[in-house]
Amino acid sequence: MLRLNPTFDAQKDVVSSVLAKEETVRGNIGVLEPRILNVERDGGVVYSWRGASGTTRIGKYDPHRTENKLLYTFDKQVCVSSCSLNKEETLLAVSLSQTTQDGGRLKPVSKCLTLLIEIHPINNTKVLKAVDCRVKVQFLYPKTSTTVMESHLLLVAEDGYADQYHITLTRQEGYRVVMWNPERLGRDRVAEEFNWVQWDSDKQRLFYLTSREKHTLKCVQFYPEHNFETVFELPLEMPNLSSVTSVRFVNFGYDHYEELNGEDGLRLEVFTDPVGTMCVCYSHPVRWNNDATYTIAFVHRGCSKTFTASLEKGSTPANEPKVHPIFIHLGYYIVVYLAGHFLHLINCRQQDLLCYSLFLSGTDGDIEALGPGCEVISVSGRRLLDVRSGRMYTMELNPDFVLWLLSSDRPEAQRLAALHCLLVYLQPNPVIELKIINWISENVMSFDAFDQIQEFILASLYRMSYQQCVSLDKVLPYSCVFEKKELPVALTAIPGVKCTPELLYHPLIKGKAKSLHGYWEELHHILDRMRYFEAVPGPRFRTALIKEDWTKYQAAMQNSEKKESPRYNRNIEENTKKVLSVVDTWRLDRRVVPLFQEEDHQQRALVGLMVDKLREHLNRHLPRLGKKKIDLLVVNYAAKLLELVWHLLELMWQKLELGPWVLCLKQQGSSEEWAMFHVMFRILEATKGLCFPLPPGYSTLLSVLGVRCLPRHTFLQYVDHGLLQLTEPFVLRLMTEMDNSDANEQLKFSILKRLPECLEQKVRQQWDHPITSACISRAYVRTLLEKYPENRDPISLDRGKRCFHPEFLPLNYLSKILSDREEQALNPFEEQDNVDARFVEETALKQTLIKLGLEVK
């Protein structure tokens, strides 16, 4: 499920280089085991090893230059418990663990000695602390474009306090960098009375937990100008921490000499993301044959969820030590992993239902590189460090495994979570996209719990829109599940894990909104929006809003007395023009599916209505964005919808190797065309359920495939039930391309009966058939006789002018009347070309000959 990509391996990247230097100086030193101490913000790995002649050396691996550098050498073996290198590589801070024995005699020494060492070049050493508790050191790494002759060191003690030291540097002899006035270093108290502390190297933040009256999580933000402030406080309802006897340090490197007395206590980590999300994760150690319990507090959502994962009884031996689940941050997901038992991929943005998270147990949840017994910590850059193997990894989801979870033997909740993960988190990726579409084509029928095509459309649109504007997160639909009146049971209960939701206290972000910057500004904005969305009903756009208005709009267009105002119709049409102007049609010559090539009034109206309703919704809930940006967002949303359907058809068309012959109505459809028809029909069902528009020309193409693939009576049933549309381009193509065999003639008449009167008249002109000619003639005669007054002058037949059959006097008389009426009309029947009295006369005679059996129709 989770793929680990090695970025550092102590054996490959360090050992060979160090061995070469040591053997050159001292000869063979035997086995070398470097111990990783810290990973700095710039990615540099600080490590120590036992050198020749009983020395202890500290070095740094530069991942950018892929080279190692010796920083400092102690002339005896020491126990380095914490170490940090400043950004300019001129100072080294080291904490040494010390023992009280010296040659069998007790020696009164402090347990921890903290040193500040000049290393450019190696010069003075200053003792910062000599105490009987563990001390962690960490240099700040401010982002500055120029070299600053000042360093800032964070010193965090197990006694529950944190200090910041300000170290001014100066140059001597042009190259020596030394501390200026090292006896009087500036110092500020950053925090105190905490029992847990975490360093965020990437964003230069210090999180800590106090328990004076109640548990409160606080955060101190450090700034480039060496000042800091407490910007965040959050009260937490947490388990009793009385069993915690020592401070737990998170992300302060790794202490290889630490006695793990605190492992029975609470394990807690805070994860943040630049888009404004914050998750507080904590767990208690898992005891033999007990369930695993862990809590994720979604600060940006104002709620927490406590999960209880059942473990297989007897899967853990009784003598196995108590262990903690590992928390891993992937941005969109939080991974909770307990080696040998389960992997829980928790969606930290859409956590409304459990079915958007993946819970895998047994071998499905195994991570090969992180087996039982490994010691893993988080380091900067969202990387994992396995301190025992000396390897560092970046993490990513394995898309092939997630695709495998879509297989038919998996629970539907798992398939929905996997599909959502592929569409929202792992996209855009053309290879993955093609595999998803292949899966949809092979599983085209809707599942019991959700419609996979609706999920494909909504999740893809959500991802595209969210990338444009993160504020759309709470107002746009991201799944088809919420369109259902009742949630299916298969999506509400996940086997193997239980969930208990709770509300969080409102966090306090200090400072005025205008003075906040970066992450804190975004989090403040998200929390404000969260409070607003909690107070208003239905902030997320529901497609039912379009459906209600679309039904009213269709009824109004059919009822001439209740037609919408011309201004409203113009607004709908303007919306549609904006959307179609944005649709990516510049590659029209490369497209193989013939869409966007006709006027589809129904779909055009639905496009415009969708834009209108979505704009209205965003203006109501996100007025801060402004009308121009909202208009751009909704137009892009509708355009992306049309492009998405078009792209889906393109990939299916190419997969089935279809060509232009598909549009020919003279032949029967192949199995590939039937498959294409089936997919297109399911897309029609899915979009109709959402009341989403389709690209202009979609209905025509679907009807063409329907004629080629379906039996005639079945095709007409599809039409009668409104599943297939008799569009004007389709009907005209059918009338002109298909011959007048008995079966085709019967189909054509059946279609004519189902057409509205205005379209029927237009189609009759295109079909060269005696009956249509007769209908055209009757309509023409009726129009002339009803529209123009009768001429009272006597009718005289001019024998000099030869008629078609001059001896048939009644017809000659009618033709003369029609000719006279035509002279009064400027353009009596402009919608029918080449229709006049002569056409009526010829049609009447032809019909008579057919009736008498003198001519074959």
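What you see is a predicted model, and the numbers here were worked out from it, not measured in a lab.

Reading guide: rules and limits
Residues numbered from 1 in each chain as written. Predicted model: local features only at pLDDT ≥ 70, side-chain atom pairs only at ≥ 80, totals over all residues. Heavy atoms only, no water. Pairing = 2+ DSSP bridges. Helix = DSSP H or I, 4+ residues; strand = E, 2+ residues; numbered from the N terminus. Axes fitted to C-alpha atoms, helices over the stretch in contact; angles between N-to-C directions. Buried < 20%, exposed > 50% of the residue type's maximum accessible area, 1.4 Å probe, protein only. Arc of directions from axis to C-beta. Phe/Tyr/Trp six-rings, centres within 6.5 Å; stacked < 30°, edge-to-face > 60°. Lys NZ or Arg CZ within 6 Å of the ring centre and 35° of its normal.

K.L.:
Got a minute to help me understand the sheet that holds strand β25 (residues 303-309) in this structure?
P.N.:
Remark on secondary structure: sheet strands pair via backbone hydrogen bonds, oriented parallel or antiparallel. Read from one edge of the open sheet, 5 strands run β22-β23-β24-β25-β33, paired in antiparallel fashion. A single partner strand is all that each edge strand has here, and the edge strands are β22 (267-273) and β33 (497-503). Across the sheet, the axes of successive neighbouring strands diverge by a mean angle of 20°, strand direction being ignored. Here 7 bridges tie β22 to strand β23 (residues 277-283), and the two strands are oriented antiparallel to one another. Of the residues in β23, the one forming a bridge with L268 is Y282.

K.L.:
Even after reading the chapter, I still don't get the pairing of strand β28 (residues 342-347), so can you show me in this structure?
P.N.:
Regular strands show a simple pattern: their side chains alternate between the two faces of the sheet. By the criterion of burial, β28 is predominantly enclosed, with 6 of the 6 residues buried. Bridging between strand β27 (residues 333-338) and β28 involves 6 bridges; their strand directions are antiparallel. Its bridge partner lying in β28, L338 is registered against F342. Linking two consecutive strands that pair antiparallel, namely β27 and β28, is a turn of 3 residues; a positive phi of about 85° is found at G340 within it.

K.L.:
Would you take a moment to explain helix α15 (residues 728-737) for this structure?
P.N.:
Each full turn of the α-helix corresponds to 3.6 residues, which orients residues three or four apart in the same direction. Along α15, the positions that sit buried rather than exposed are F730, V731, L734 and M735. The arc that holds every buried residue of α15, seen down its axis, measures 125°, which confines them to one face.

K.L.:
Sorry, what's going on with unusual backbone geometry here?
P.N.:
Leaving glycine aside, a negative phi is the common case for residues, and trans is the common case for peptide bonds. Across the junction of H120 and P121, the peptide omega takes the value -5°, indicating a cis bond. Checked against the element boundaries, P121 lands in the loop between β10 (112-119) and β11 (122-131). A positive phi angle is found at N251, which is not glycine, with a value near 65°. Here N251 shows up in the loop between β21 (248-250) and β22. Take N251: its relative accessible area is 23%, and that puts it in the partly exposed class. Phi at E657 takes a positive value of approximately 55°, unusual for a residue other than glycine. Checked against the element boundaries, E657 lands in the loop between α11 (627-655) and α12 (671-690).

K.L.:
What is the right way to look at the sheet that holds strand β20 (residues 228-235) in this model?
P.N.:
Taken in spatial order, the 6 strands of this open sheet run β21-β17-β18-β19-β20-β34, and their pairing is mixed. Unpaired on one side and paired on the other, β21 and β34 (508-509) mark the two borders of the sheet. Across 6 bridges, the pairing between strand β18 (residues 205-210) and strand β19 (residues 216-222) is antiparallel. By the bridge assignment for β19, L209 is matched with L217.

K.L.:
What should I look at first to understand the packing of aromatic side chains in this one?
P.N.:
The geometry of an aromatic ring pair is captured by two quantities: the separation of the ring centres and the angle between the planes. In this structure the tally under the stated criterion is 30 aromatic pairs. Measuring from ring centre to ring centre gives 5.4 Å for Y356 and Y478, while their planes differ by 65°; the resulting arrangement is edge-to-face. Of this pair, Y356 sits in the loop between β28 and β29 (358-361) while Y478 sits in the loop between α5 (452-468) and α6 (489-492); the two residues are 122 residues apart in sequence, bridging distant segments of the chain. The class of Y478 is buried, set by a relative accessible area of 1%. Between F677 and Y718, the ring centres sit 6.3 Å apart and the planes meet at 40°, which makes this aromatic pair tilted. With F677 in helix α12 and Y718 in helix α14 (residues 712-720), this residue pair connects regions lying 41 residues apart in the sequence. Here F677 falls in the buried class, since its relative accessible area comes to 2%. A cation over a ring is seen here: R205 above Y519, with NZ or CZ 4.5 Å from the ring centre. Geometry around Y505 places K214 over its ring, the cationic atom sitting 4.8 Å from the centre.

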